[in-house]
Amino acid sequence: MKLLGMNLKAAVWALVTLTSSISFGQSIKKCDGSVLSITSEKIGKLSEQEIGDFLSTFGEECRNNVEFTEWSNELLFDVMEMQTQLTLTTIEQDKRIDLGEILEVIASPLLDEDIDTLIAKVRSTNVEPKLKQKVLEKLTIAKNSLKN
């Protein structure tokens, strides 16, 4: 009996380990709405990996996907607002992220965002000065576009 219980535990452990490594080891695809859903559910409590996964869904090929574009744009500003330092640190370190596309999205908010607050938060981050300057330039463009 005890031997059967040990084999069952080992089989369950192997199955859980295999399943976990498959789901966490999968690559993130551009325009992946399921990543947006996870991001939306955990906003404000995202890990660096989750922020990296979210930001890596952005790509030029998503621009014609209206639903993805609207949702990802809104989420980007929410994530940046709630987790500014971690978002910029992730952008700085995660090579999967298309920085040019992220900067384009920052410059083009689809909703009336509180850009002044975000600018202040970005200014107070501890990231590479060139990245900070690029983000601040795009936020200034966004602020000016919302005034018009």
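Residues numbered from 1 in each chain as written. Predicted model: local features only at pLDDT ≥ 70, side-chain atom pairs only at ≥ 80, totals over all residues. Heavy atoms only, no water.

Asks: So what about the state of the cysteines? Which residues, and what values?
Replies: Covalent bonding between the sulfur atoms of two cysteines is what defines a disulfide. Scanning the model with the defined rule gives one disulfide in all. Covalent S-S linkage joins Cys31 and Cys62, the inter-sulfur distance amounting to 2.0 Å. Across the disulfide from Cys31 to Cys62, rotation about the S-S bond amounts to roughly -100 degrees, and the bridge is consequently left-handed. Placement of the pair is Cys31 in the loop between helix H1 (2–25) and helix H2 (33–42) and Cys62 in the loop between helix H3 (48–55) and helix H4 (66–82), with a sequence separation of 31 residues. (Disulfide = S-S within 2.5 Å. Helix = DSSP H or I, 4+ residues; strand = E, 2+ residues; numbered from the N terminus.)

Asks: Let's hear about unusual backbone geometry: which residues, and what values?
Replies: Leaving glycine out, the prevailing phi sign among residues is negative, and the prevailing peptide bond configuration is trans. A positive phi angle, near 65 degrees, is found at Cys31, a position not held by glycine. Among the residues examined, Cys31 registers a relative accessible area of 21% and is labelled partly exposed. (Buried < 20%, exposed > 50% of the residue type's maximum accessible area, 1.4 Å probe, protein only.)

Asks: Explain the side chain of Thr39 to me, and be specific about the residues and the numbers.
Replies: Mapped onto the secondary structure, Thr39 falls in helix H2. Not counting residues up to four positions away in its chain, the partners in contact with Thr39 are Leu46, Phe54, Leu75 and Val79. (Contact = heavy atoms within 4.5 Å.)

Asks: So what about the pattern of salt bridges? Which residues, and what values?
Replies: Under the defined criterion, the tally for this structure stands at seven salt bridges. For the salt bridge of Arg96 with Asp53, the shortest nitrogen-to-oxygen distance reads 2.8 Å. Residue Arg96 is found in the loop between helix H5 (84–93) and helix H6 (99–107), and its partner Asp53 is found in helix H3; the two are separated by 43 residues along the sequence. On the basis of relative accessibility, which here comes to 36%, the residue Arg96 falls in the partly exposed class. Of the charged contacts, one joins Lys138 and Glu104 as a salt bridge, the two residues approaching to 3.7 Å between their closest N and O atoms. Residue Lys138 is located in helix H8 (residues 129–147), and its partner Glu104 is located in helix H6; the two are separated by 34 residues in the primary sequence. Of the residues examined, Glu104 reaches a relative accessible area of 37% and is grouped as partly exposed. Salt bridges linked by common partners bring Asp53, Asp94 and Arg96 together as one network. (Salt bridge = Lys/Arg side-chain N within 4 Å of Asp/Glu carboxyl O.)

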